[in-house]
Amino acid sequence: MKQVPGYTLVRTEDCPEQHGTLTVLTHDVSGATILLVENEDNNKAFGIGFGTFPSDDTGVFHILEHSVLAGSEKYPVTSPFLQLLKSSMASFLNAMTFPDKTVYPFATPNETDFRNLMDVYLNAVFCPLAMVDRAVFEQEGWHRDANGTVSGVVYNEMQGALAAPDAQLQNALERAMFPDTAYGFVSGGDPESIPALTYEKYQRVYRRHYSADNCCITLYGKMDMAEKLEMLDCDYLSRMPRTTTRPRLTVQDEQPGTCVELPYYTENPEPDEVQCALAWYTGAFADRERQLGVEILLDALLGTNNSPLKAALLAEKLGADIDMGFDDSTLQPTLELVLRGATEESARKFAPAVRKAVDDVLARGIPQELLLASLNSAEFASLERPGSLPDGVLDAINASTGWLHTGDPALLLHTDKLFASLRSKMADGWFDELLRSLFALAPVQVLQVPTLPKMQEETQAPARTEAKLVLDHPLTVADLGEGAPSAAGQTEQVAGATVLRHPSAGSLYLNFYYDLGHVAPEDLPYLDLLTDVLDELDTPTHTAQQLNTLRSTWLGDSRVLLDFWTGRQEGAPCHAKLTMSLSLLERSLQKAVELGAHAVWLWQGDHSQGKLPADAAEACRGQLIAGAKQCGNPWLPQVEALTGGVDELVRRAATADRRILPWEMQDTVSMLTPQLAGRPGTTVYVIGPEGGFSQRELDSLRAAQFTFVSLGARVLRCETAATLCLGLHWWASHLADPAE
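Residues numbered from 1 in each chain as written. Predicted model: local features only at pLDDT ≥ 70, side-chain atom pairs only at ≥ 80, totals over all residues. Heavy atoms only, no water.

## Remarks on the overall build of the protein
The helix and strand inventory of the protein stands at 25 helices and 25 strands. Here the protein holds 740 residues, and 46% of them are scored as buried. Approximately 36,900 Å² of the protein is accessible, and the part contributed by carbon and sulfur atoms is 53%. (Helix = DSSP H or I, 4+ residues; strand = E, 2+ residues; numbered from the N terminus. Buried < 20%, exposed > 50% of the residue type's maximum accessible area, 1.4 Å probe, protein only. Areas by Shrake-Rupley, 256 points an atom, 1.4 Å probe, with all protein chains shown as cover.)

## Description of the side chain of Thr-683
By the secondary structure assignment, Thr-683 is in strand S24 (residues 683–685). The contacts of Thr-683, once residues within four sequence positions are left out, are Arg-658, Ile-660 and His-729. (Contact = heavy atoms within 4.5 Å.)

## Some thoughts on the pairing of strand S1 (residues 7–15)
Bridging between S1 and strand S2 (residues 20–27) involves 8 bridges; their strand directions are antiparallel. Counted as the bridge partner of Arg-11 is Val-24 from S2. A loop of 4 residues connects S1 with S2, the two strands running antiparallel in sequence, and His-19 in this loop sits at a positive phi of about 60 degrees. (Pairing = 2+ DSSP bridges.)

## Examining the packing of aromatic side chains
Scanning the model with the defined rule gives 18 aromatic pairs in all. Pairing Trp-430 with Phe-431 gives two aromatic rings, centres 5.0 Å apart and planes at 85 degrees, and the pair type is edge-to-face. On the basis of relative accessible area, Trp-430 is assigned to the partly exposed category, the value being 21%. It is Lys-101 that lies over the ring of Phe-98; its NZ or CZ is 4.5 Å from the centre. It is Arg-702 that lies over the ring of Phe-708; its NZ or CZ is 4.6 Å from the centre. (Phe/Tyr/Trp six-rings, centres within 6.5 Å; stacked < 30°, edge-to-face > 60°. Lys NZ or Arg CZ within 6 Å of the ring centre and 35° of its normal.)

## Structural notes on the sheet that holds S24
Within the open sheet, the 3 strands sit side by side as S24-S23-S25. Their pairing is parallel. A single partner strand is all that each edge strand has here, and the edge strands are S24 and strand S25 (707–709). Neighbouring strand axes in the sheet, compared pairwise and without regard to direction, differ in orientation by 25 degrees on average. When strand S23 (residues 658–662) meets S25, the two strands line up parallel, connected through 3 bridges. When the sheet's bridge partners are listed, Pro-662 is paired in S25 with Val-709. (Axes fitted to C-alpha atoms, helices over the stretch in contact; angles between N-to-C directions.)

## Here's the deal with the pattern of salt bridges
In the structure shown here, the tally under the stated rule is 27 salt bridges. Close ionic contact of Glu-433 with Arg-436 constitutes a salt bridge, the shortest N to O distance being 2.6 Å. Placement of the pair is Glu-433 and Arg-436 together in helix H16 (residues 430–438), with a separation of 3 residues, close to one helical turn. For Glu-433, a relative accessible area of 47% gives the class partly exposed. For Lys-577, the salt bridge goes to Asp-515, with nearest N and O atoms at 3.1 Å. A residue pair is termed long-range when its members are at least 10 positions apart, and Lys-577 in strand S20 (residues 574–585) and Asp-515 in strand S18 (residues 507–515) qualify at 62 residues. (Salt bridge = Lys/Arg side-chain N within 4 Å of Asp/Glu carboxyl O.)

## What to know about the sheet that holds strand S12 (residues 274–281)
Pairing between sheet strands relies on hydrogen bonds along the backbone, with the strands arranged either parallel or antiparallel. Across the sheet, 5 strands lie side by side as S11-S15-S12-S14-S13; this open sheet has mixed pairing. In this open sheet, the two strands that pair with only one neighbour each are strand S11 (259–265) and strand S13 (321–327). The mean angle between the axes of side-by-side strands here comes to 20 degrees, regardless of whether they run parallel or antiparallel. Pairing of S13 with strand S14 (residues 334–342), which is carried by 7 bridges, proceeds in the antiparallel orientation. Bridging across to S14, Ile-322 finds its partner in Leu-339. Running over the sheet, helix H6 (residues 165–177) touches S11, S12, S14 and strand S15 (444–451) and is turned about 145 degrees from S15.

## Observations concerning helix H15 (residues 416–424)
Among the residues of H15, Phe-419, Leu-422 and Arg-423 are the ones counted as buried. Projected down its long axis, H15 shows its buried positions confined to an angular sector of 105 degrees, all on one face. Among the structural elements, helix H9 (288–302), helix H13 (368–384) and H16 are those in contact with the buried residues of H15. (Arc of directions from axis to C-beta.)

## Some remarks on the side chain of Asn-171
Within the secondary structure, Asn-171 sits in helix H6. With relative accessibility at 18%, the residue Asn-171 sits in the buried group.

## Regarding the nonpolar core
In this structure, Phe-46, Ile-48 and Tyr-202 are the most contacted members of the largest nonpolar core, which totals 65 residues. The leading source of residues in this core is helix H3 (residues 111–126), at 9 residues. Setting aside residues up to four positions removed in sequence, Ile-48 forms contacts with Thr-102, Val-103, Tyr-104, Leu-122, Val-125, Phe-126, Cys-215, Cys-216 and Ile-217. Core analysis: the next-biggest nonpolar cluster, separate from the first, contains 45 residues, Leu-278, Ile-296, Ala-353 and Leu-438 among them. (Core = buried A, V, L, I, M, F, W, Y, C linked by side-chain atoms within 4.5 Å.)

## Examining the packing of helix H10 (residues 308–315) against helix H12 (residues 350–364)
To characterise two packed helices, one gives the angle between the axes of the helices and the distance between these axes. Where H10 contacts H12, the axes come no closer than 9 Å and their chain directions differ by 135 degrees. Considering the angle they form, H10 stands oblique to H12. Remark: the crossing between H10 and H12 carries right-handed chirality. Contacts between H10 and H12 pair Leu-309, Ala-312 and Leu-313 from the former with Phe-350, Ala-353, Val-354, Ala-357, Val-358 and Val-361 from the latter. Here the contact of H10 with H12 is composed, by residue class, of 9 nonpolar, no polar and no charged. (Parallel < 35°, antiparallel > 145°, perpendicular 65-115°, else oblique. Left-handed = near helix turned anticlockwise from the far one by under 90°. Nonpolar A, V, L, I, M, F, W, Y, C, P; charged D, E, K, R; others polar.)

## Looking at unusual backbone geometry
Non-glycine residue Lys-317 carries a positive phi angle of around 55 degrees. Within the secondary structure, Lys-317 is located in the loop between H10 and S13. In this model, Gln-705 sits at a positive phi of 65 degrees, which is unusual for a non-glycine residue. Assignment of secondary structure puts Gln-705 in the loop between helix H24 (695–703) and S25. A relative accessible area of 61% places Gln-705 in the exposed class.

## Concerning the environment of Ala-463
Relative to the helices and strands, Ala-463 resides in the loop between S15 and strand S16 (490–494). Ala-463 sits in the partly exposed class, given a relative accessible area of 32%. Setting aside chain neighbours within four positions, we find Ala-463 in contact with Pro-76, Leu-129 and Asp-133.

## What to know about the environment of Glu-65
Considering the arrangement of structural elements, one finds Glu-65 in helix H1 (residues 60–68). Glu-65 sits in the buried class, given a relative accessible area of 9%. A distance of 2.4 Å separates polar atoms of two side chains, one belonging to Glu-65 and the other to Thr-97. (Polar contact = N/O pair within 3.5 Å; in protein donor to acceptor, adjacent residues only side chain to side chain.)

In structure tokens, the structure reads:
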């Protein structure tokens, strides 16, 4: 993006993960940080996030989040956002209070709607009537009724939220881990402390934290960015000079070995409903490679009941279940393990059991196939971004988080290099050392014991009106447009089943529907139970752990659920289906057909993850046929599995005209060029495993006169490297003169 008046351009960069470019700006007058995510997504999004760090349990930032949405100078009505929900085309419209920030995001596919919502949001956060209308504070926060009882929207909400034992356990754990910083307080507000908040302090806190130099603004999608920046500058930011200093978070000295006992008051305390939470610090937020490594490691070891660490802990029979949590969005990320359904005696054995189970895993070594499966699963999730939040809203939250802790709003939007780096470290024991360091110190521990409850001893004109919200440019039918047309599907019969195909970009989605019309309605709950336990069941050919590993390795998402649809035929008011939904990324075998490969050899390297299946070649045939149908190539590559490792590979390649080895040590070898790739004759390209070549393999290939080449500075995945070599070879072979 070119320089925009009123802003200083920090940087512009490509971002393949967001399918576009990122631009970071600072506003000259106010000091606000702005991130532009420019791509072709029509579901445009906006977000503004403020650093909000509580200093007590009054929940002041939760109350402010509610309050600013209750009318502003330009829109002085009691419920502007409720009115917007009735008339807007927004796909997302909300606000969120986190332990260290408050974010106000929305998303909409309509341009007029976007401008309206952006103005309403900005006026709400920067010009709220709550600062001059005490009634808003009393309504959203707290007030005392005529009979002396305390009430208020946030007060009542938090009474319900903190009544649950899980919430009390979590708050106690955070207080034990962060006794001296903002993370030790209940950001939503503790009903016992909320009435201590005065209206005057509420105003002071707003003025301190809701300043333009303490915010990060995100604009996402396909839109005229210059127009939006001009509106921001003229209508709001240019009127807000910088404050003297921004509020900042402080770092907590770690508290290893802290133990807290917490009563949970209940009329019916049961001895086997004790809970025990253990927590560890996982390092600095800014070390994104380490935090992503922690996420992958925890999924591999604790993701399912059959994962090694969780299986070992469940085998101790200390309680009914064990949950794992990991939060890497705070300045000091943490992981926690929670033992549920224990007795007080067994709960005290939980920490030693975890220590022993971790030591046992380290003694055996972390299974590489589990790490690979979890890494693939995490990478797919980062690309597909499953969940209910629109992409632009998620980007706005992530931008606020990265800006808050490092000053870089684009930090969390880049992941490709992190995954590539972690792949290169899988075989060298990096994850083992990570596991050792994570659990090296004693955990922070909270023990929650059910206990019987203690015995208890015996005017001025309103700034807002009930009027209708008046927008500068109300959304009309003319603003709706034609909408994006859906691509037509194609129906065909395959093996007696009807297959409906719809095009998709980048990922393949498979949905299998099994009719349940013959199942009696009273039996459907049993099928629902089956979908819950299906991931824990063995099959005649695979254990549940093997199936979960295969699913994580090759599938982005896999779910089995019951679907109920309203029927359109007479006599069929409802249709019940058992649905299996799968998603996966396209791999390189179809590309091999399209690019004219003569043969594909699958070989077992010293650092290969897992063993080469005996039926690997046959398993690839379906992908090859699909690729041939797509591109019209009548010839399929010959697929063979070379189980003899590098020695068999060298023997098979001896008759080729050229033997080329792409190698990740790009500083010591030259690039693969069209002159080398495009020569007539047979060329064998050897692609190494994810863990890289061993020294023995390199020596054997060098002795067999393989030409070592580089594919560039990035460490590519094996399927990417294979596709690149085939593509370059195909392109070079079609040049009239490769030297040119």
